[in-house]
Amino acid sequence: MPKMKTHKSTRKRFKVSGTGKLMRPKGSMNHLRRKKRPRTLRMATQYFEAPDGERKRVKSLLPGAGIK
C-alpha cells in the first residue's frame with residue numbers, strides 16, 4: 001500500500017492548535033499593503049479557527065495532523 005502524502009501547500013497555510021483546532025490566517029496580506037489600515041494588517045497576521053466545511057476538506061489533505 002502506498003504512503004499517505006501530505007499536501008505541501010496546505011501544510012504551509014494551516015496550523016493545528018494544541019487542542020486540535022484547525023487555524024488559518026486571514027487574507028489580504030500580499031497585495032496593496034501600504035494603503036491598508038494598521039489594524040487590518042495586525043488582524044491579518046493572526047490565526048483564526050477555520051470553519052467546519054474547510055476543516056473537513058483540509059483533514060483529508062493533511063493525514064496524521066491530529067485535526068479534530
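S.K.: I'd love a proper account of the nonpolar core, names of residues and values included.
M.R.: Listed in full, the 6 residues of the largest apolar core are Phe14, Leu22, Ala50, Val58, Leu62 and Ile67. Residues contacting Ile67, with those up to four places away along its chain left out, are Val16, Gly20, Leu22, Arg55, Val58, Lys59 and Leu62.

S.K.: Break down the environment of Val16 for me, citing the residues and quoting the values.
M.R.: By secondary structure assignment, the location of Val16 is in strand β1 (residues 15-16). Judged by relative accessible area, Val16 falls into the partly exposed class, the value being 31%. The spacing of Val16 and Ser60 is 44 residues in sequence and 14 Å in space, taken between C-alpha atoms. With near-sequence residues (within four places) excluded, Val16 lies in contact with Lys21, Leu22, Ala65, Gly66 and Ile67.

S.K.: Describe in detail the pairing of strand β2 (residues 22-25), supporting the description with residues and values.
M.R.: With 2 bridges joining them, β1 and β2 adopt antiparallel strand pairing. Residue pairing across strands places Val16 opposite Leu22, the latter belonging to β2. As judged from the 3 bridges shared by β2 and strand β3 (residues 47-49), these two strands associate in the antiparallel manner. The residue bridging Met23 from the neighbouring strand is Glu49, located in β3.

S.K.: Explain a positive patch on the surface to me, and be specific about the residues and the numbers.
M.R.: Together, Lys3, Lys5, Lys8, Arg11, Lys12 and Arg13 line one region of the surface with positive charge. For Lys3, the position within the fold is in the segment before α1 (8-13).

S.K.: Pulling in residues and values, what's your account of the side chain of Thr10?
M.R.: Along the chain, the position of Thr10 falls in helix α1. For Thr10, a relative accessible area of 6% gives the class buried. A polar side-chain atom of Thr10 sits 2.8 Å from a polar atom in the side chain of His7. Excluding its chain neighbours within four sequence positions, the residues that come into contact with Thr10 are Val58, Leu61 and Leu62.

S.K.: Please provide a residue-by-residue account of the pattern of salt bridges, values included.
M.R.: Working definition: two side chains of opposite charge can pair if their charged atoms are close together. Under the criterion given, the structure shown has 3 salt bridges. As a salt-bridge pair, Arg55 and Glu49 come within 3.3 Å of each other at their nearest N and O atoms. Given the relative accessible area of 16%, Arg55 is considered buried. With a relative accessible area of 42%, Glu49 lands in the partly exposed category.

Reading guide: rules and limits
Residues numbered from 1 in each chain as written. Predicted model: local features only at pLDDT ≥ 70, side-chain atom pairs only at ≥ 80, totals over all residues. Heavy atoms only, no water. Core = buried A, V, L, I, M, F, W, Y, C linked by side-chain atoms within 4.5 Å. Buried < 20%, exposed > 50% of the residue type's maximum accessible area, 1.4 Å probe, protein only. Contact = heavy atoms within 4.5 Å. Helix = DSSP H or I, 4+ residues; strand = E, 2+ residues; numbered from the N terminus. Pairing = 2+ DSSP bridges. Patch = residues over 30% accessible without salt bridge, like charges linked within 9 Å, V, L, I, M, F, W, Y side chains within 5 Å. Areas by Shrake-Rupley, 256 points an atom, 1.4 Å probe, with all protein chains shown as cover. Salt bridge = Lys/Arg side-chain N within 4 Å of Asp/Glu carboxyl O. Lys, Arg positive; Asp, Glu negative; His and termini not counted. Charge placed at Lys NZ, Arg CZ, Asp CG, Glu CD. Polar contact = N/O pair within 3.5 Å; in protein donor to acceptor, adjacent residues only side chain to side chain.

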